[in-house]
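Each chain, letter by letter, is given below.
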Amino acid sequence: MSAPDRGAGRLKLAVQKSGRLTEHSTDLLVRCGLKFSRGKDQLVGYGENMPLDLLFVRDDDIPDLVEEDVCDLGLVGLNVVEEKRLELAARGHEVRFSVLRSLDFGRCRLAIAVPDDAPWQGVASLAGKRIATTYPYTLARYLEQNGIRADIVTLSGAVEIAPRLGRADAVCDLVSTGSTLVANRLREVTTVLESHAVLVRTPVALAPEKSEWVERLLMRIDGVQQVRESKYIMLHAPRSALPAIRKLLPGSESPTIIPLEGHPDRVAVHAVCRENVFWETLEKLKAAGASALLVLPVEKMLA
Ligand code: ATP
Ligand code: ZN
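Undergrad: So, the domain arrangement of the protein: which residues are in play, and what are the values?
TA: Looking at the assigned domains, one finds that the protein contains domain 1 (11-106 + 197-226), domain 2 (108-195) and domain 3 (231-297). For domain 1 and domain 2, the distance between their C-alpha centroids amounts to 29 Å. On the domain 2 side, the residues contacting the 12 residues of domain 1 number 11 residues. Carbon and sulfur atoms make up 54% of the surface buried where domain 1 meets domain 2, a total of about 960 Å² over both sides. Area buried by domain 1 at its contact with domain 2 is led by Asn79, Glu83 and Leu86, which between them contribute 55% of it. Inspection of the domain 1/domain 2 interface yields one salt bridge. For Glu82, the salt bridge goes to Arg141, with nearest N and O atoms at 3.3 Å. Applying the counting criterion to the domain 1 and domain 2 interface returns seven residue pairs in polar contact (both at pLDDT 80 or more). At nine residues, the largest contribution of residues to the side of domain 1 that touches domain 2 is made by helix α3 (residues 78-90). A breakdown of the residues in the side of domain 1 that touches domain 2 according to their chemical character gives four nonpolar, three polar and five charged.

Undergrad: Residues and numbers for the coordination of the zinc ion (ligand 2), please.
TA: Protein coordination at the zinc ion (ligand 2) comes from Asp59 (OD) and Asp60 (OD), with a distance range of 2.0 to 2.1 Å. Geometry at the zinc ion (ligand 2) is irregular, judged from its four donor atoms and the angles of 74 to 175° they form at the metal.

Undergrad: Could you give an account of the packing of aromatic side chains, with specific residues and numbers?
TA: Summed over the entire model, instances satisfying the criterion amount to one aromatic pair. For the cation-ring pair, Arg38 lies above Phe56, with the distance from its terminal atom to the ring centre recorded as 3.6 Å. Here the basic side chain of Arg216 rests over the ring of Trp213, its NZ or CZ set 4.2 Å away from the ring centre.

Quick notes on the rules
- Residues numbered from 1 in each chain as written.
- Chains lettered and ligands numbered in written order.
- Predicted model: local features only at pLDDT ≥ 70, side-chain atom pairs only at ≥ 80, totals over all residues.
- Heavy atoms only, no water.
- Domains from an automatic or database assignment.
- Contact = heavy atoms within 4.5 Å.
- Buried area = accessible area lost by both parts, 1.4 Å probe.
- Salt bridge = Lys/Arg side-chain N within 4 Å of Asp/Glu carboxyl O.
- Polar contact = N/O pair within 3.5 Å; in protein donor to acceptor, adjacent residues only side chain to side chain.
- Helix = DSSP H or I, 4+ residues; strand = E, 2+ residues; numbered from the N terminus.
- Nonpolar A, V, L, I, M, F, W, Y, C, P; charged D, E, K, R; others polar.
- Donors = N, O, S within 2.8 Å, 3.2 Å for Na, K, Ca; no water.
- Tetrahedral: all angles 85-135°; square planar, octahedral: opposite > 155°, others 65-115°.
- Phe/Tyr/Trp six-rings, centres within 6.5 Å; stacked < 30°, edge-to-face > 60°.
- Lys NZ or Arg CZ within 6 Å of the ring centre and 35° of its normal.

Set out below in structure tokens:
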């Protein structure tokens, strides 16, 4: 008789083992309330207070693991998801996994760069050129959409040095600050894909208790993402200044207005602003008659 599956009924979520998404991914889950301990091999994180375990893997494997239902969920870059989606489609496979949420980390872009001294008159300059990339399907789609014929040189890494080695005339690579390009004497000329991390899910229907936890997790993720930018603002103001002040509060819904004891014409205003509150806004509020201004970070939010 086989041993009972200890993992039955538990969600499996794939995250990058070691790389640019790892810390942001685990940080998001911890902010969602997850406490986990890592197994000896460091490959699994066992959720201690939720029926959810983490699988630490290479980011490129995440779409397959989710597509094949080895994992229920995954946190991965949209760039990897798009490449996989196009690759599957090119091979005549139906793409079944889906993107549940866009996340506010892992921002980067897949961009085309050419050597500093190479001429550039728009995308047409790529015609007939060799472009090195680790994203051949995404690049092919971009070229096709722009009606350009070029040679795609598929590499597994170190794309940025391909022009210097004479292997390519241009590169199509991930960029965030652009410093790697500058260091390799390349100049960014056009964006192929804007990317950020996403949460993906298996195409297979989940058991009700798993499904319920996915819903809870999504609600918490939304809450975490909202509070990252949100601020709680408190101030005092003359009643007559309220219309002007309400207009100045960034991204706030109906604020709470509280009378001030002993000051019939003055009130306290409390509001959640779903955008960051900058010094300029505070200065304008003050000019509109506000005083005793206080801006606080928001810890948790549940709509
Ligand atoms: P792995 O060993 O897991 O395959 P990797 O080397 O492919 O790691 P990383 O460089 O850690 O991956 O990048 C992981 C993801 O982080 C990228 O797919 C992308 O979504 C995102 N990212 C954000 N900024 C950048 C950047 N400047 N360069 C590369 N990726 C970035
Ligand atoms: Zn990778």
